[in-house]
Amino acid sequence: MQPELIRLFLQRVKINPDKAAFHFLQDSGKSIELTYQNLYEKSGAVARILEQRKNDSATRALLIYSPGVDFIIALFACFLSSITAIPIAIPRPRTKELFLHFLNHANPHFILTSANHETRIKKLIPDDIASNQFIITDTIPQTDEDYMPQNTANEIALIQYTSGTTTQPKGVMITFDGLAHNLRAIQQHFQLHEKSVCFSWLPHYHDMGLIDGILTPLFNDCRGILCSPSYIISNPTRWLKVINLYQVTHTGGPNFFFDLCSKRISPTIAKEFDLKSLTHVYVSAEPVRKKTLEKFAALFSASSFQLNLFTPGYGLAEATLMVTCKTPNSSLHFYVEKGQEYVGLGKPIPGMVIKILDPTTQQEISEGEVGEICLCGPSVAPGYYADKEKTSQAFVSLPTKGEIHRFLRTGDLGIMEKGELFVVGRITDTLLIRGLKYAPEDLEYIITQSHLALSASTSTVFTINQDDEEKIVVLQELKKIHDRHDLESIRNSIKDSIYQALGLTVFDIILLPEGSILKTTSGKIKRSDTRIKYMQGKFSEAL
């Protein structure tokens with residue numbers, strides 16, 4: 001039996017072949033249109049090549065593409081030919097070690113890419129990779145011959161590598177059933193339909209850009225507008241222009257993006273845009289801040305944007321994508337703990353059960369208490385590819401409705417209050433200072449708001465043991481345009497902001513040029529690696 005996603009795709013091709021499934025906006029400003037029929041013919045041509053070269057054991061393909069239609073074609077070619085797709089970022093010399101980890105761990109039978117990346121990739125791969133494993137998909141001739149999808153037992157649609165914030169990235173196995181459940185939950189939660197217009201600029205090789213950006217429009221038979229992250233980040237007003245031009249209803253991004261909009265877009269420019277087409281704006285992938293949402297809503301209040309249009313949510317690759325989300329057009333809720341205000345991330349999607357456990361005893365704790373967020377539901381992945389040990393460590397058996405069920409331990413700390421989830425930090429990154437626990441994200445946010453010279457989302461906070469006491473260390477990037485003769489006043493601003501907000505004293509502050517702090521491919525800060533580099537005294541670029 002064909003997976004629901006493939007069945008819907010083939011149905012779209014049959015009923016409305018000339019309908020535009022996707023519009024990809026190039027950095028030049030030109031748009032490439034991909035109809036259902038185009039996608040079917042082009043992905044079918046690639047699928048034939050995969051089928052000709054594969055054997056019974058060949059089930060995995062690494063997908064290495066820039067943002068664009070070539071990636072979508074390769075993705076659906078894998079789906080049609082029952083090959084598990086493994087999307088990753090374009091490897092570069094500085095990320096060679098990470099790329100080799102993907103190669104060795106995933107052991108792909110095929111490497112799919114486009115002609116413009118072939119030379120670069122081949123320079124990075126070992127000599128024992130066979131030439132027939134390489135498939136340059138944009139050089140395969142398109143054919144109008146129908147392709148009949150494979151009906152096999154391969155139920156793993158994707159292997160989605162986690163960011164690897166504290167460890168080597170793990171390959172999350174995403175099933176077709178899990179995809180269908182999560183896509184249906186997204187559809188129902190946001191009331192998406194064929195007249196909806198979805199717009200995503202998020203990376204296609206990460207869960208939100210892949211599932212919400214690419215698969216959601218197709219699942220709902222609605223218009224999907226796509227572009228590269230750099231196209232929007234370099235000029236956030238383009239996001240507004242796309243919303244206006246295409247009358248976008250469904251879009252969003254991480255918290256930092258709305259901070260960026262508030263900092264880069266003046267009130268005069270903001271008034272030029274009309275955002276009334278938006279039915280909601282999702283915010284996820286990193287801690288959501290009340291101040292960020294309020295500043296953005298105030299800036300665009302004259303553009304028909306209201307605070308309740310924001311729909312903060314919680315999700316992770318191990319749950320396919322969405323776990324919880326605020327109901328569109330409902331009021332935002334907040335939870336205050338230790339002087340910090342946390343934004344409510346909504347209630348669980350249908351079928352998803354959340355339990356909050358004491359991280360040490362693994363016993364369920366009462367509502368309103370902080371503990372580890374654990375999940376169970378149809379969207380939760382079966383485990384990590386080729387890693388039984390990490391899979392075993394990631395799950396715990398818990399009683400639910402008189403039966404024992406397998407719950408995923410997320411490693412995130414949270415609180416359930418009146419059925420709504422509030423995330424307060426990570427277990428592994430939690431700072432323990434004089435017997436009290438602090439989330440580093442809270443300190444980092446306070447720091448980046450303390451001085452205009454500090455770049456948003458580029459602060460790292462951790463502790464080191466000095467004289468038998470845990471002391472706070474701050475690493476912070478500066479904006480390129482800042483006058484660096486005023487470094488001491490910047491350090492004082494950081495110290496004062498942390499002391500005034502939390503009563504904590506900072507031991508050391510390292511100011512760095514932009515691009516110095518270690519991050520994952522999805523832009524998350526690698527705190528553990530950064531701490532090690534600091535301990536080794538290797539931040540030679542310090543200002």
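Here, the structure is the one placed above.
These figures come from a predicted structure and were not determined experimentally.

Undergrad: Give a description of the side chain of Lys170 that names residues and reports values.
TA: With respect to the element layout, Lys170 can be found in the loop between strand S7 (156-161) and strand S8 (171-175). Among buried Asp, Glu, Lys and Arg side chains, Lys170 stands out as unpaired, with Glu318 the closest opposite charge at 5.1 Å. Dropping the residues within four chain positions of it, Lys170 is found in contact with Gln160, Tyr161, Thr162, Tyr384 and Lys390.

Undergrad: Tell me about the packing of aromatic side chains, residues and numbers included.
TA: Tallying each qualifying case throughout the model produces 19 aromatic pairs. Considering the side-chain rings of Trp239 and Phe258, the 6.0 Å spacing of their centres and the 80° angle between planes classify their relative orientation as edge-to-face. Remark: Phe258 occurs in helix H10 (residues 255-264) and Trp239 occurs in helix H9 (residues 237-246); sequence separation between them is 19 residues. Classification of Trp239 by relative accessible area gives buried; the value is 0%. Phe258 gets classed as buried once you look at its relative accessible area, which sits at 0%. When the ring of Phe296 is compared with that of Phe300, the centres are 4.6 Å apart and the planes differ by 35°; the resulting orientation is tilted. According to the relative accessible area criterion, Phe300 is buried, its value standing at 0%. Through successive ring pairs, a cluster of aromatic residues spans Trp201, Trp239, Phe257, Phe258, Phe296, Phe300, Phe305 and Phe310. Over the face of the ring belonging to Phe334 we find Lys290, whose NZ or CZ atom lies 4.7 Å from the ring centre.

Undergrad: Break down the sheet that holds strand S27 (residues 506-512) for me, citing the residues and quoting the values.
TA: Across the sheet, which stays open at both edges, the three strands sit in the order S25-S26-S27 with mixed pairing between neighbours. Across the chains shown, the open sheet's two edge strands, defined by having one partner strand only, are strand S25 (454-466) and S27. Recorded for the sheet is a direction-independent mean angle of 20° between the axes of neighbouring strands. Note that strand S26 (residues 469-478) and S27 share six bridges and pair parallel.

Undergrad: Go over the state of the cysteines with me, naming the residues and quoting the values.
TA: Counting across every chain of the model gives zero disulfides. Left unpaired, Cys222 is separated from the closest cysteine sulfur, that of Cys198, by 3.7 Å. Here Cys261 stays free of any disulfide, with the sulfur of Cys227 as its closest cysteine sulfur at 12 Å. We classify Cys261 as buried; its relative accessible area is 0%.

Undergrad: Run through the pairing of strand S5 (residues 110-113), naming residues and quoting values.
TA: Here S5 shows no split at all, with Phe110 and Leu112 on one side and Ile111 and Thr113 on the other all buried. Across four bridges, the pairing between strand S3 (residues 60-64) and S5 is parallel. Bridge assignment links Leu63 to a residue of S5, and that residue is Leu112. Bridge analysis of S5 against strand S6 (residues 134-136) gives three bridges, and the strand direction is parallel. Its bridge partner lying in S6, Ile111 is registered against Phe134.

Undergrad: Let's hear about the packing of helix H14 (residues 440-448) against helix H15 (residues 487-502): which residues, and what values?
TA: Two numbers describe how H14 lies on H15: the axes approach to 9 Å, and their chain directions differ by 130°. Put simply, H14 runs oblique to H15. Relative to H15, H14 is oriented so that their crossing is right-handed. Contact with H14, carried on its side by Leu443, Ile446 and Ile447, involves Ile494, Ser497, Ile498, Ala501 and Leu502 of H15 and no other residues of that element.

Undergrad: Explain unusual backbone geometry to me, and be specific about the residues and the numbers.
TA: We note that Gln191 has phi near 55°; this positive angle belongs to a residue other than glycine. Inspection of the secondary structure assignment puts Gln191 in the loop between helix H6 (176-190) and strand S9 (197-200). Note on Gln191: relative accessible area 63%, which makes it exposed.

Undergrad: Lay out the packing of H10 against helix H12 (residues 290-299) with the relevant residues and their values.
TA: At a minimum axis distance of 9 Å, the contact between H10 and H12 shows a crossing angle of 40°. Classified by the angle their axes make, H10 and H12 are oblique. Crossing handedness for the pair H10 and H12: left-handed. Across the interface between the two elements, Asn255, Phe258, Asp259, Cys261 and Ser262 of H10 pack against Thr292, Lys295, Phe296 and Leu299 of H12. Its residues assigned to classes, the contact of H10 with H12 shows four nonpolar, three polar and two charged.

Undergrad: Go over the nonpolar core, please, and point to the residues and values.
TA: As a rule of thumb, soluble globular proteins bury nonpolar side chains together. If you look at the biggest cluster of nonpolar residues, it comprises 117 residues, and the most contacted ones within it are Leu75, Leu112 and Trp239. The biggest single contributor to this core is helix H3 (residues 69-80), with 11 residues. Listed in part, the 21 residues of the second largest apolar core include Tyr438, Leu443, Ile472 and Val474.

Undergrad: Help me get a handle on the environment of Gln160, residues and values and all.
TA: Of note, Gln160 is situated in strand S7. Since its relative accessible area comes to 2%, Gln160 is described here as buried. Measuring from C-alpha to C-alpha, the distance between Gln160 and Leu210 comes to 9.9 Å, with 50 residues separating the pair along the chain. Excluding residues that lie within four positions of it along the chain, Gln160 makes contacts with Lys170, Gly171, Val172, Ile174, Tyr205, His206, Asp207, Leu210 and Ala317. Among the polar contacts listed, one links the side chain of Gln160 to the backbone oxygen of Tyr205, at a separation of 2.6 Å.

Undergrad: Break down the pattern of salt bridges for me, with residues and values.
TA: Summed over all chains, the structure comprises 15 salt bridges. One salt bridge connects Asp429 with Arg527, and the closest N-O pair in it is separated by 2.9 Å. Pair noted here: Asp429 is in the loop between strand S22 (420-426) and strand S23 (431-433) and Arg527 is in helix H16 (residues 527-535), with a separation of 98 residues, a long-range link. You'll find Asp429 and Arg527 in the same group, each marked buried. Between Arg527 and Glu444 there is a salt bridge whose closest N-O contact spans 2.8 Å. Of this pair, Arg527 sits in helix H16 while Glu444 sits in helix H14; the two residues are 83 residues apart in sequence, bridging distant segments of the chain. Assigned by exposure class, Arg527 and Glu444 land together as buried. A single network of salt bridges, built from pairs that share partners, joins Asp429, Glu441, Glu444 and Arg527.

Cut-offs applied
Residues numbered from 1 in each chain as written. Predicted model: local features only at pLDDT ≥ 70, side-chain atom pairs only at ≥ 80, totals over all residues. Heavy atoms only, no water. Helix = DSSP H or I, 4+ residues; strand = E, 2+ residues; numbered from the N terminus. Buried < 20%, exposed > 50% of the residue type's maximum accessible area, 1.4 Å probe, protein only. Lys, Arg positive; Asp, Glu negative; His and termini not counted. Salt bridge = Lys/Arg side-chain N within 4 Å of Asp/Glu carboxyl O. Contact = heavy atoms within 4.5 Å. Phe/Tyr/Trp six-rings, centres within 6.5 Å; stacked < 30°, edge-to-face > 60°. Lys NZ or Arg CZ within 6 Å of the ring centre and 35° of its normal. Pairing = 2+ DSSP bridges. Axes fitted to C-alpha atoms, helices over the stretch in contact; angles between N-to-C directions. Disulfide = S-S within 2.5 Å. Parallel < 35°, antiparallel > 145°, perpendicular 65-115°, else oblique. Left-handed = near helix turned anticlockwise from the far one by under 90°. Nonpolar A, V, L, I, M, F, W, Y, C, P; charged D, E, K, R; others polar. Core = buried A, V, L, I, M, F, W, Y, C linked by side-chain atoms within 4.5 Å. Polar contact = N/O pair within 3.5 Å; in protein donor to acceptor, adjacent residues only side chain to side chain.

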